[in-house]
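Structural characterization, general
Each chain is listed here by its residues.
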Amino acid sequence: MTRLSLNIATTKRWTLREAVDGAVRAGIPSVGLWRDRVAEEGLTESARLVRGAGLRVSSLCRGGFLTAADEDGARAALADNRAAIVEAAALGTDALILVVGGLPEGDRELAGARARVAERIADLVPFAREHGVRLVLEPLHPMYCADRAVISTLAQALDLAAPHPAEQVAVVVDTFHVHWDPALAEGIARAGRENRIASYQVCDFNLPIARDALLSRGMMGDGVVDFASITRMISAAGYTGDVEVEIFNAEVWDSPGDQVLSTMITRYGDLVLPHLT
C-alpha cells in the first residue's frame, strides 16, 4: 500500500484533521488535499498536521479556471493560482492540479478559451518554478467541457504542456475522465516519453449518470472502468508515484469514513495494485 493516497474529496464529510487521522488509522501513507479544507484549518496548521502525522501530500486541488475573457476575471484567476502555488509549496507537494475552466458566460468559442488557457499557463510557469511547484493539467470528461474544462483528452493536455519543461507543466491521468478515449494508450505512452505524468487518480465511472454529473464517480469496481488495462499503461509509461483515490459520490460521502477507507483499500488491492510495477 506504499503508493496509495487518499484524496480527501473521497471523505468529504471529514475535516482535514479527521481525514489525516483516518488515513493514519488505515495505514494509508499519503493524502491529496483540497484547498477548501486547508483554508478551514489554516495553511500553517494544515502543513503541521500532515507532517506531524508522517504523511506525504500527493497533490493539492485545485488551481485553474483560466478562461475568463475579461481583464478583471483574468487578473483574479492569475492571483488565485499564484496563491494556490504558494499553498502547494507550504504543504510540501510539487503537484498543483489545474482544472482549466469552461466557457465564460455567454461565450461559445472553445478555441478562444483554450488559447487563453495556454497564455495563462505561460504567465504562471515562472512563479511556479520559483516555488518548486509543477502545474498539473487535468483533462476532464467531455460532458464537463462547457462549464469546467475546455480540455477533454490527454493529447490536448499534453499539447498545452509541450511549450514548457516537463518539470514545470505535467498532466494527471484520472480514470473517470479519460477511460473512454480511443487514443488513451497513445496519450499515456506519449506522457511517459515526455516525463509528464505527475499524478494517477483512480475511481470508477458509474451508470446511470447522476442528476448532478459531478457525483457520478464511484468506488473502483462499481462502474465500467477497466483499471487493469489503464494501470498497465501507466506502469509501462514509467510512472512510479502515488495513486490517488478521488471519489465524488453522495452515497460514499454519506457512509462512515473508516468504512469507506476499508473498502477503498480492498478495491485498490484487488483492481489496481496487481497491475502496478
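Relevant structure appears above.
This text gives an overview of the structure that appears in the document. (Residues numbered from 1 in each chain as written. Predicted model: local features only at pLDDT ≥ 70, side-chain atom pairs only at ≥ 80, totals over all residues. Heavy atoms only, no water.)

1. Overview of helix 5 (residues 110–130)
Taking 1.5 Å per residue, 21 residues should reach 30 Å; helix 5 reaches 31 Å between its end C-alpha atoms and fits that length. At Leu 124, helix 5 shows its largest kink, close to 35°, and the proline Pro 126 lies no more than four residues downstream. Those residues of helix 5 lying buried are Gly 112, Ala 113, Arg 116, Val 117, Arg 120, Ile 121, Leu 124, Val 125 and Ala 128. Summarising the contacts, the buried residues of helix 5 are in contact with helix 4 (71–91), strand 5 (134–137), helix 6 (154–161) and strand 6 (169–174). With its phi angle positive at about 70°, Gly 132 sits one or two positions after the end of helix 5. (Helix = DSSP H or I, 4+ residues; strand = E, 2+ residues; numbered from the N terminus. Expected span 1.5 Å × (residues − 1). Bend = angle between axes of the 7 residues up to and from the residue. Buried < 20%, exposed > 50% of the residue type's maximum accessible area, 1.4 Å probe, protein only. Contact = heavy atoms within 4.5 Å.)

2. Examining the packing of aromatic side chains
Enumeration over the complete set of coordinates arrives at four aromatic pairs. Between the aromatic rings of Phe 176 and Phe 205, the centroid separation amounts to 4.8 Å while the plane-to-plane angle is 25°, which identifies the pairing as stacked. Residue Phe 176 is found in helix 7 (residues 175–178), and its partner Phe 205 is found in strand 8 (residues 204–205); the two are separated by 29 residues along the sequence. The pair formed by Phe 176 and Phe 205 is uniform in burial state, with each residue classed as buried. Centroid distance Phe 248 to Trp 253: 6.2 Å. Interplanar angle 50°. Geometry classified as tilted. (Phe/Tyr/Trp six-rings, centres within 6.5 Å; stacked < 30°, edge-to-face > 60°.)

The quantities given are spatial measurements derived from coordinates; they are silent on function.
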